[in-house]
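# Observations on the three-dimensional arrangement
Listed below, chain by chain, are the residues.
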Amino acid sequence: MIELLLPEAESTDLLGQALAQTRPAQAVVHLQGDLGAGKSTLARALLRALGVQGSIRSPTYTLIERYPLADGEAWHLDLYRIGDAGELDFLGLDEASADLWLVEWPERGVGGLPPVDLVVALEIDGYGRRARLQARSVKGEAWLQRLGQMAHLQPFFTP
C-alpha cells in the first residue's frame, strides 16, 4: 500500500500524471471516497496525462464516458446512481473493449465489474486530500512498485 498526502489540487494532478506514466497496458482502477473527495479530479488528471484532448466530463449523469487513447480506450464510470450491479448490463460494457477502467462508486457494481487491479481511496484532509493506493492483483502490485519509484511523488509519501 502507498499513502500520500496531497496538500493542493496540483499534487492530485501530479498523482494522476504518475498513474498515467506507470500504468500497465490494461487495468481496472476503483476510485473510492465521499462526495467531493477528488475521484473525478484524479480521473481527469490521469486521462489528460494519457493524451485525452477536449472536455473530460464527469460521468455522474451519463454513468459512463469513453475516451480514445493512443493504445486503446479508457472508460470512466460513475456508479453512484445505479441501484445494483444488474443495471450495468444496460450500459453495454464488455471487459475486453476498454484498456483502462476508472470506476467511481465501485461498491454499487459488485459482481458486474471486471476484477480490480488498483484501489485508490481518497479523503479530504484539511485543505488537501489523502490518497491510499492498494494493489488487488499482481498487475496492481507492479504498478504500485513503479509509482513508488517516481521521484516527483516522494515529497507526498507518508510514513
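Criteria and thresholds
In this numbering scheme, every chain counts its residues from 1 along its sequence in written order. Per-residue local features of the predicted model are confined to residues with pLDDT of at least 70, and side-chain atom pairs are confined, for both listing and counting, to 80 or more; whole-chain, interface and lining totals are unaffected and use all residues. Side-chain descriptors were evaluated using all non-hydrogen atoms of the structure, hydrogens and water having been removed beforehand. Think of a 1 Å grid over the protein atoms and nothing else: a 1.4 Å probe that fits but is trapped marks a cavity, an open set flanked by protein within 12 Å on at least five of seven lines marks a pocket, and residues with an atom within 4 Å of a point count as lining. Grid points are joined across faces, edges and corners, and a volume is the space filled by probe spheres set on the points. We count a stretch as a helix when DSSP gives it H or I for four or more residues in a row; a strand needs E for two or more, and each element gets its number in order from the N terminus. Note on residue categories: nonpolar means Ala, Val, Leu, Ile, Met, Phe, Trp, Tyr, Cys or Pro, charged means Asp, Glu, Lys or Arg, and polar means any other residue, Gly included. Here a strand pair is declared whenever DSSP counts at least two bridges between the two strands. Accessibility here uses a 1.4 Å probe with only protein chains present; expressed as a share of the type maximum, an area under 20% marks a residue as buried, one over 50% as exposed, and anything in between as partly exposed. Note that the arc is defined by the directions from the helix axis to the C-beta atoms. We call two residues in contact when some of their heavy atoms are within 4.5 Å. Note on geometry: axes are lines fitted to C-alpha atoms, helical ones only across the stretch in contact, with angles between N-to-C directions running from 0 to 180 degrees. For this classification, under 35 degrees means roughly parallel, over 145 means roughly antiparallel, 65 to 115 means roughly perpendicular, and everything else is oblique. Handedness of each helix crossing follows the sense of rotation of the near helix against the far helix: counterclockwise by less than a right angle gives left-handed, clockwise gives right-handed. Salt bridges are counted wherever a side-chain nitrogen of Lys or Arg sits within 4 Å of a carboxyl oxygen of Asp or Glu.

## Focus on the layout of surface pockets
Estimated volume of the largest pocket: approximately 170 Å³. In terms of residue count, the dominant contributor to the lining of the largest pocket is helix 2 (residues 39–49) (three residues). Residues that form the lining of the largest pocket fall into these classes: four nonpolar, six polar and four charged.

## Here's the deal with the pairing of strand 6 (residues 118–125)
On a regular strand, each side chain points to the face opposite its neighbour's, so the side chains alternate between the two faces of the sheet. Sheet topology places strand 2 (residues 27–32) next to strand 6; four bridges connect them, and they run parallel. Residue Q32 lies in a different strand from strand 6, and its bridge partner there is A121. Direction of pairing for strand 6 relative to strand 7 (residues 128–135): antiparallel, over a ladder of eight bridges. Paired with D125 across the bridge in strand 7 is G128. The turn linking strand 6 back onto strand 7 is made up of two residues, and G126 within it adopts a positive phi angle of 65°.

## Overview of helix 3 (residues 138–148)
Taken together, the buried positions of helix 3 are occupied by G140, W143, L144 and L147. Seen along its axis, helix 3 keeps its buried residues to an arc of 100°; they face one direction. Away from its buried face, by an angle of more than 90 degrees, helix 3 presents the exposed residues V138, E141 and Q145. Lining the buried residues of helix 3 we find strand 1 (2–6), helix 1 (9–22), strand 2, strand 6 and strand 7.

## Thoughts on the packing of helix 1 against helix 3
As a packed pair, helix 1 and helix 3 sit with axes 9 Å apart at the nearest point and diverge in direction by 125°. With respect to each other, helix 1 and helix 3 are oriented oblique. Regarding helix 1 and helix 3, the two cross each other, and that crossing is right-handed. Along the contact surface, helix 1 presents A18, L19 and T22, while helix 3 presents W143, R146 and L147. For the contact of helix 1 with helix 3, the class distribution of residues is four nonpolar, one polar and one charged.

## Looking at the sheet that holds strand 2
Taken in spatial order, the seven strands line up as 1-7-6-2-5-4-3 in an open sheet, and their pairing is mixed. Taken across any chain shown, the strands that pair with only one partner, and hence form the sheet edges, are strand 1 and strand 3 (64–69). Each adjacent strand pair in this sheet contributes to an overall mean axis angle of 15°, direction not counted. Taken together, the five bridges between strand 2 and strand 5 (residues 100–104) define a ladder with parallel strand orientation. Within strand 5, the residue paired with A27 across the bridge is L100. Contacting strand 2, strand 3, strand 4 (72–78), strand 5, strand 6 and strand 7, helix 2 crosses the sheet at an angle of about 165° to strand 5. Docked against the sheet, helix 3 engages strand 1, strand 2, strand 6 and strand 7, running at close to 135° with respect to strand 7.

## Observations concerning the pattern of salt bridges
For the coordinates displayed, the defined rule picks out six salt bridges. Between R23 and D71 there is a salt bridge; the shortest N-O distance is 2.8 Å. Taken together, the residues span a long stretch of sequence, with R23 in the loop between helix 1 and strand 2 and D71 in the loop between strand 3 and strand 4 at a distance of 48 residues. Looking at R23, the relative accessible area reads 14%, which means it is buried. R132 is paired through a salt bridge with E123; the nearest N and O atoms lie 3.1 Å apart. With relative accessibility at 34%, the residue E123 sits in the partly exposed group.

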